[in-house]
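Structural features, examined
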Amino acid sequence: MSGINKVILVGHLGKDPEVRHLEGGVTVASFPLATSETYNKDGKRVEQTEWHNIVLWRGLAEVASKYLQKGKLVYIEGKLRTRSFEDKEKVKKYVTEVVAENFTMLGRKSDFEPGPTTTISQPAENKIADEYSIDPNDASGDLPF
């Protein structure tokens, strides 16, 4: 049996999406998303906030750059990806991100142009996993992210 890698989040954007255009015209957008939960501890209301790194590719990135802004409420479905890189001091670092497969903008009608909720999905033929495959014939060694 194969595993399941599924993430569902509802939260507020921590900042406007950062959009980059890679070789071949591929667009990628990223932003932090805050999810909060409230609970009672010793009779006091406590709010705990978690921050998630969200990454969107191609068409989803284009839509996110047009419609999403800091503070907007959004529903995101995707999968977890962990990648590594070396910082300036050649220390290996790891980062875990949510690679979005679709998202729904939530809020009032006035918050978004098309309507109160708009769902955007990644086309099946452009699945995110393709972005993380490395061409063994590529001599540059550059990663696609």
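Structure: above.
What you are looking at is a predicted structure, and each value in this text was computed from that prediction instead of being measured.

**A short note on the overall build of the chain**
Each helix and strand in the chain was counted, giving 1 helix and 7 strands. Reading the secondary structure of the chain in the N-to-C direction produces β-β-β-β-α-β-β-β. Considering the chain as a whole, with its 145 residues, one finds that 32% of them fall into the buried category. Of all intrachain contacts in the chain linking residues separated by at least 6 positions in sequence, the fraction that spans at least 24 positions is 55%.

**Quick word on the nonpolar core**
Within the largest apolar cluster, 19 residues are counted, with the highest numbers of intra-cluster contacts made by F31, L33, I54, L56, L68, I76 and F103. Residue assignment for this core shows that the elements contributing at least two residues are β1 (7–13), β3 (27–41), β4 (44–57), α1 (58–67), β5 (73–86) and β6 (92–106). When residues no more than four places from it in sequence are discounted, the contact partners of L33 are L9, G11, H12, L13, E50, W51, H52, I54, V74 and I76. Counting residues in hydrophobic clusters, the runner-up holds 5 residues, among them V26, V28, V55 and W57.

Criteria and thresholds
Residues numbered from 1 in each chain as written. Predicted model: local features only at pLDDT ≥ 70, side-chain atom pairs only at ≥ 80, totals over all residues. Heavy atoms only, no water. Helix = DSSP H or I, 4+ residues; strand = E, 2+ residues; numbered from the N terminus. Buried < 20%, exposed > 50% of the residue type's maximum accessible area, 1.4 Å probe, protein only. Contact = heavy atoms within 4.5 Å. Core = buried A, V, L, I, M, F, W, Y, C linked by side-chain atoms within 4.5 Å.

Function-wise, these values are silent; they only describe arrangement.
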